[in-house]
Amino acid sequence: MLPKPKKNRNVYLDHAATTAMDERVLKAMRPYFLEQFGNPSSLYNLGRTANRALASARATISAALHALPENIIFTSGGTESDNLAIYGIARAHQSRGQHIISTLIEHHAVLGPLADLKKDGWDITYAGVNKEGFVSADEIIKKIRKDTTLVSVMYGNNEVGSIQPIAEIGRAILKYRKENNTAYPYFHTDACQAAGALTLDVEKLHVDLMTINGSKIYGPKGAGILYLRRGVKIKPMILGGGQEKRTRSGTENVPAIIGLAEALKLAQADRIKEGDKQKKLCSMLWNEIQKKIPKVKLNGPEIGDGRLPNNLNVTFMDVEGEALLLYLDEYGVMCSTGSACTSESLEPSHVLMAMGLPYEYAHGSLRFTFGRENSLADVTYLMKYLPAIVEQLRELSPVSIGFKQHAKYKK
Ligand SMILES: *Cc1c(COP(=O)(O)O)cnc(C)c1O
């Protein structure tokens, strides 16, 4: 018998899906909803105040990226930034070559536009990953052709936390361009999951475009940036009043932008300390899981420098991840299966599949992602219930039947 759920105890372990807003971020944003509501394009004082705030946010963000303020484009989030990077480059440079290189483990905000471009006749090459979820820089470089216009590789993977060799790929692309006397291919990285944990120095990473959003770093949802290196042309997707130097029209979401800048500043200032803390919690949870629950497997890289410090992805054999997630929710513990974005479908995660995980393993996987407010007490609380829940589910479900139901997804 399972113990009764404890009322009003919540443990949020899904920070890769989104984070709560930091009070300091909210405080910085508040005046721009109320007194300082001006349109940054208006010429009178109220507008100029908003415009100055915008400029200051841009300066804060560009400093965190070691970029110039004019390199920062504000958008409505990670999805828009990824779309703008891919469509923007594709449409501005299609006459010189219609080939893009990316990977099998990208976020859908990248995979979606790529699949769409393919329908328009673009050739897309996807690099695979190894068992741990790492892309090989060599493999990416080998795929470059004369008509390759863009390379897009994510920085930290949202499902298994594998950190990709962005600086190495960036350096190799620079070398390729030099040797071939060309400006192509451009290099984009989706850094949404990395922004709270890793360096965002665009000079060290050698990226031309970089996506960041607010919702994964204790900032506002629906706020994002696209870093665009000077001299790199993109075609805008949203046309209108010509804001953001004509690359992204629409009245700037001033409060969100202020919040995003504050959130990024805080996240980058604390990233080492927070990373260490969260990595410890991941290790403790994984150790406890191995001690108390048989037939488990870590998905992704081992806990350490190659893995986002807040990410733990575990397969519980002979259990449906979805069922486990819902049971845990009864106890106030929030986490996710394969990928939150596909929670409405029963398809196994494309990332776990790309890593070569057998179908049954992918289906029993849970992702726990830690955050600022978590502590050891959360691990203890979770481990009070998790072993019993797994045991119960294993007894209840004739798993082979469960898997057969989904057999049509088997490749
Ligand atoms: C969350 C996320 C996105 C999408 O960002 P939104 O702000 O939700 O549009 C894109 N890429 C990665 C890696 C993400 O984690």
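Residues numbered from 1 in each chain as written. Predicted model: local features only at pLDDT ≥ 70, side-chain atom pairs only at ≥ 80, totals over all residues. Heavy atoms only, no water.

*Asks:* Before we go on, may I ask you to explain the packing of aromatic side chains in this structure?
*Replies:* Each aromatic ring pair is specified by the distance between its two centres and by the angle formed by the two planes. In total, this model carries three aromatic pairs according to the counting rule given. The interplanar angle of 70° and the centroid separation of 5.1 Å between the aromatic rings of Tyr-381 and Tyr-385 together place this pair among those described as edge-to-face. Note that Tyr-381 and Tyr-385 are positioned in helix α12 (residues 376–396) at a spacing of four residues, about one turn of the helix. By relative accessible area, Tyr-385 is classed as buried at 5%. By the ring-pair criterion, three or more aromatic residues cluster together here, those being Tyr-331, Tyr-381 and Tyr-385. A cation over a ring is seen here: Arg-96 above Tyr-184, with NZ or CZ 3.7 Å from the ring centre. One residue, Arg-372, lies across the ring of Tyr-218, its end atom 3.9 Å from the ring centre. (Phe/Tyr/Trp six-rings, centres within 6.5 Å; stacked < 30°, edge-to-face > 60°. Helix = DSSP H or I, 4+ residues; strand = E, 2+ residues; numbered from the N terminus. Buried < 20%, exposed > 50% of the residue type's maximum accessible area, 1.4 Å probe, protein only. Lys NZ or Arg CZ within 6 Å of the ring centre and 35° of its normal.)

*Asks:* What am I meant to see in the environment of Thr-251 here?
*Replies:* Relative to the helices and strands, Thr-251 is located in the loop between β8 (224–228) and α8 (254–292). In sequence terms Thr-251 and Ile-124 are 127 residues apart; their C-alpha atoms lie 34 Å from each other. If we ignore the near neighbours within four places in the chain, the residues touching Thr-251 are Asn-39, Pro-40 and Gln-243. (Contact = heavy atoms within 4.5 Å.)

*Asks:* Would you explain the sheet that holds strand β10 (residues 311–316) in this entry?
*Replies:* Sheet architecture is open: four strands sit in the order β9-β10-β13-β12, paired in antiparallel fashion. Every interior strand has two partners, whereas the edge strands, β9 (296–298) and β12 (336–337), have only one. Here three bridges tie β9 to β10, and the two strands are oriented antiparallel to one another. Along β10, the bridge assignment pairs Val-296 with Phe-316. In the packing of α8 onto the sheet, contacts are made with β9, β10 and β13 (365–369), and the angle to β10 comes to roughly 15°. (Pairing = 2+ DSSP bridges. Axes fitted to C-alpha atoms, helices over the stretch in contact; angles between N-to-C directions.)

*Asks:* Looking at this structure, I do not really get the sheet that holds strand β4 (residues 123–127). What am I missing?
*Replies:* Across a sheet, paired strands are connected by hydrogen bonds in the backbone, their directions being either parallel or antiparallel. With mixed pairing, seven strands are arranged side by side in an open sheet as β2-β8-β7-β6-β5-β3-β4. For this open sheet the edge positions go to β2 (72–75) and β4, each flanked by a neighbour on one side alone. Sheet twist, expressed as the average angle between the axes of neighbouring strands with direction ignored, equals 20°. Across four bridges, the pairing between β2 and β8 is antiparallel. What sits directly across from Phe-74, in β8, is Ile-225. Strands in contact with helix α6 (residues 166–180) are β5 (148–152) and β6 (186–190); relative to β6, the strand with the most contacts, it is inclined by about 170°.

*Asks:* Can you help me understand the nonpolar core in this one?
*Replies:* Inside soluble globular proteins, nonpolar side chains tend to come together where they are buried. In this structure, Ile-61, Leu-65, Tyr-155, Leu-200, Met-210, Ile-212 and Leu-264 are the most contacted members of the largest nonpolar core, which totals 62 residues. Looking at which element gives the most residues to this core, the answer is α8, with ten residues. When residues of this core are assigned to domains, at least three map to each of domain 1 (11–20 + 271–410) and domain 2 (23–267). Filtering out sequence-adjacent residues up to four positions away, Leu-65 remains in contact with Ile-72, Leu-200, Asp-201, Val-202, Met-210, Ile-212, Ile-225, Tyr-227 and Leu-264. Cys-282, Ile-293, Val-319 and Tyr-381 belong to the second-largest nonpolar core, a separate cluster that totals 31 residues. (Core = buried A, V, L, I, M, F, W, Y, C linked by side-chain atoms within 4.5 Å. Domains from an automatic or database assignment.)

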